[in-house]
Amino acid sequence: MVRDKDRTVITMSNDFKGDVRDFAMVVPVPTFIEREQINVANQALVDHLDAYTAPRLVEYFDEDPCSRVRYERMMAESAVEDSVVQKAVTADEELGVTIEAKYTVGEYDILILSAEESGGLIDWLKINDYQLPEGAEQVVGSYLKQGMRFFVAKVNLESQLAGGFSDLRPLQIAFESPKFMLPIRLGTLNADGQQELFVYALTRTGRVETSNYRTVKMPSDVEIPGFVKNRFGEFYKDMFTVQTEKENGKAVFLEYAWDMAWCDPCAADPLTATQLRQLGAFWLDSETDAQQRNRPAAQNVFVTRLHVRYDQQHFPDDLKFIETGDRTNYQGRYIMRHAWKGESNCSAAKDYLNMVQERETRAGNLLASLTGWDRNDIAASMGVSALPAPQKWWKRIWQDVK
Amino acid sequence: MDPRNYQIVALSTFVVFGVTVLGFDIHLSNAVAIIGAALLTQYGLFSTIPSFTSLVNEAKSALISALSLVLLLRTDMLFIAALAAIVAIVSKRYLRFNGHHLFNPSAFALVVVTGLSSHAYLSPGQWGALGLFAFGVMGIGLLVVTRAQRLDVSLAFLLSFAALVLFRGWYLGDPIEIAWHQLQSGALLLFAFFMITDPKTTPVSARPRIVFGVLVSALTFVLQFYFYVSAAAIYALVTLAPLVAIFNLYFRENTHAKNDVVYHRVAHVSEFQQRNGFLRFLRRQS
């Protein structure tokens, strides 16, 4: 999602897995949408943005306590599970329903619909074989009364075959409206429980946050045991669940907020000006990549990655956003320190081993509290017999005195 | 007991609670800059006789504006934080009409600095949903305003805003949870109990004060739902502030009592007694 002043460009990417003939997407939009305002983007763009902003795993290898050689290695992994499945709704006729426009863009057939009443629109959608979730009429009616139109997209099989696209590419819409929000109410009607949504916001001024729900930073810069390396996805998912519960299921989480010009450490290269413009960052239009390469700093794009797990009970209202003036960099960064395994026979080695043991216990305990994983399982995975619980602070006070 | 003491304690509590529990991005340096600039400006502009009493008195007044700013203003520039505090105090000294300052100092400063720079912003969503926290606000807030005798304007604002939001929900056919969610805003309650209640910037007599509360809620509603302004209440309050001066001119029955807090209290309390059993009940409680 790109936002600057009243201008918005939304790129919608789905992980729809079924038969494309069953695919349809219904999105409430605040204004009429012309053909030129719609585009089909390349999925690689979204994937690149996703990789760039993903939570990262950082590994540090301890030096030999007896020498001074040191090296560092870093890797980042995307911890992304399923993104939103915009289960959709489909359409086709008249019942007080106005088809304001009909376009074919790429592999999609697109309709812009408005209606006098929700009942008409619902009937029309049903007649046209769109499967509507229970309770859709109420939500559709509310959006219509708020002056919104419906953007309905279906896959055009002929264009899809002709174009040779196997996956559904992301659809983009550009429009101008003071509304800075994402309509999630139709999505919450789907009975299949909670949905995951990732929002990547590109702005000129600063970080984006929700104005009607709390936006909370994920725990970051924490040290976790080395074995998590192979279970990073699982680790992140469980930590996300624990954090969501901590906020009573009512918070949006900040996973990344960074100036697009650089990154440290980089999970993927920053996007180029061309890529950013393709995603909708319209203010970059005066610069070519070559110019940008000569002047590598300051892309003038700030990226925010938000992650929310939502359902109707915890998120009754749509997500409303504000662009803040905050340009503080934030990233989800998880550190693992690998102990020195070589031979060390100096006096420093003993202290070092004690330090390592203490450090690993701390990391194991932190892992248990972040993810809710079983302490015995963690101990087993760490290759230790048991994970001592953190000592009460007062136990240490007179320890040395006795 | 000076009601401002309660206000200072309550606002400080919110700052501490916000930083420790809710993770507000309030930088210590900003807080120091705001409080420092507010105190210096206050002493520079208002203090005449350097007695201990007058120093404490000026400090209290400046602290209330400063703490509101610490709580509400977010910025990454120290200069803007200090500027907001200076604007607040200067507006109190120079934007006056008929013996009262026109604008609520912190609301005015917030509108000015957020208008001047994109580096200044408000973060209204961070209070999260109501829960225990809001009961805390309500409890402490109620205490503060009953001492300050301005509960009527808070209630007028809150009840009419709630009525408007519920009506909108009903008109749109939305489930009640949505309206409820929209009303469960810590920022809204904070405004109702700590901003609109400022005795210097609300009408002197009770009836126009209630009218004022209702008008501010109506404008807040319009700005929030039709112009998509976040933190709309603050903008509504500043926009409608000149009305207070007009109301005070037209409803003169109590204006001769201005600057006489004790008399004020008696004057509008007697009005409640005539008109409103509920408020009379509240008066008894306090």
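Conventions adopted
Residues numbered from 1 in each chain as written. Chains lettered and ligands numbered in written order. Predicted model: local features only at pLDDT ≥ 70, side-chain atom pairs only at ≥ 80, totals over all residues. Heavy atoms only, no water. Helix = DSSP H or I, 4+ residues; strand = E, 2+ residues; numbered from the N terminus. Buried < 20%, exposed > 50% of the residue type's maximum accessible area, 1.4 Å probe, protein only. Contact = heavy atoms within 4.5 Å. Areas by Shrake-Rupley, 256 points an atom, 1.4 Å probe, with all protein chains shown as cover. Pairing = 2+ DSSP bridges. Axes fitted to C-alpha atoms, helices over the stretch in contact; angles between N-to-C directions. Parallel < 35°, antiparallel > 145°, perpendicular 65-115°, else oblique. Left-handed = near helix turned anticlockwise from the far one by under 90°. Nonpolar A, V, L, I, M, F, W, Y, C, P; charged D, E, K, R; others polar. Core = buried A, V, L, I, M, F, W, Y, C linked by side-chain atoms within 4.5 Å. Domains from an automatic or database assignment. Buried area = accessible area lost by both parts, 1.4 Å probe. Salt bridge = Lys/Arg side-chain N within 4 Å of Asp/Glu carboxyl O. Polar contact = N/O pair within 3.5 Å; in protein donor to acceptor, adjacent residues only side chain to side chain.

K.L.:
Explain the overall build of chain A residue by residue, including any values.
P.N.:
The secondary structure content of chain A amounts to 10 helices and 20 strands. A buried classification covers 53% of the 402 residues belonging to chain A. Within chain A, counting contacts between residues at least 6 apart in sequence, those at least 24 apart form 80% of the total. Accessible surface, chain A: about 19,200 Å² in total, of which carbon and sulfur atoms supply 47%.

K.L.:
Let's hear about the sheet that holds strand β13 (residues 208-210) of chain A: which residues, and what values?
P.N.:
All names here are of chain A. Taken together, the 3 strands give an open sheet; going across it, the order is β11-β18-β13, and neighbouring strands pair in antiparallel fashion. On the outer flanks of this sheet lie β11 (181-182) and β13, each paired with one strand and no other. Pairing of β11 with strand β18 (residues 319-323) involves 2 bridges; the strand directions are antiparallel. Bridging across to β18, leucine 182 finds its partner in leucine 319.

K.L.:
Pulling in residues and values, what's your account of the pairing of strand β7 (residues 97-105) of chain A?
P.N.:
All names here are of chain A. By the bridge criterion, 8 bridges tie β7 to strand β8 (residues 108-115) in an arrangement that is antiparallel. When the bridges of β8 are listed, lysine 102 appears paired with leucine 111. The antiparallel hairpin formed by β7 and β8 contains 2 residues in its connecting segment, where glycine 106 sits at a positive phi of about 60°.

K.L.:
Before we move on, can you summarise the packing of helix α9 (residues 347-371) of chain A against helix α10 (residues 375-382) of chain A with the specific residues and values?
P.N.:
Packed helices, taken two at a time, are described by the angle their axes make and the gap between the axes. Residue and element names in this part refer to chain A. Packing of α9 against α10 brings their axes to within 10 Å, and their N-to-C directions diverge by 140°. Taken together, the axis directions place α9 and α10 in an arrangement best described as oblique. By crossing handedness, the relation of α9 to α10 is classed as right-handed. The residues of α10 that touch α9, namely those facing Glu360, Gly364, Asn365, Leu367 and Ala368, are Arg375, Ile378 and Met382. When the residues that make up the contact of α9 with α10 are grouped by side-chain class, the tally is 4 nonpolar, 2 polar and 2 charged.

K.L.:
How would you sum up the nonpolar core? Please name residues and give values.
P.N.:
The biggest cluster of nonpolar side chains holds 73 residues, and the ones touching the most others in it are B:Phe157, B:Phe191, B:Phe212 and B:Val216. If one sorts the elements of this core by residue count, helix α11 (residues 232-250) of chain B sits on top with 10 residues. Residue-level mapping places this core at the junction of two domains, with at least three residues from each of domain 1 (25-119) and domain 2 (126-285) of chain B. Not counting chain neighbours up to four residues away, the residues in contact with B:Phe191 comprise B:Phe157, B:Ile196, B:Val216, B:Ala233, B:Ile234 and B:Leu237. Within the second largest apolar cluster, 67 residues are counted, among which are A:Phe151, A:Phe175, A:Phe302 and A:Met336.

K.L.:
Pulling in residues and values, what's your account of the interface of chain A and chain B?
P.N.:
Across the boundary between the two partners, chain A contributes 26 residues, which contact 25 residues of chain B. Each partner contributes to the roughly 2,200 Å² buried at the junction of chain A and chain B, and carbon and sulfur atoms together form 50% of this total. Remark: the boundary between chain A and chain B carries 3 salt bridges. Put simply, A:Lys217 and B:Asp25 hold a salt bridge, and the shortest N to O gap is 3.8 Å. Counting across the chain A and chain B interface gives 12 residue pairs in polar contact (both at pLDDT 80 or more). Elements with a contribution of two residues or more to the side of chain A that touches chain B: α3 (136-145), β13, β14 (214-217) and β18 of chain A. It is α3(A) that provides the largest number of residues to the side of chain A that touches chain B, a total of 4 residues. Residues belonging to the side of chain A that touches chain B are distributed by class as follows: 4 nonpolar, 11 polar and 11 charged.

Everything listed here is a matter of coordinates, which is why it stays silent on function.
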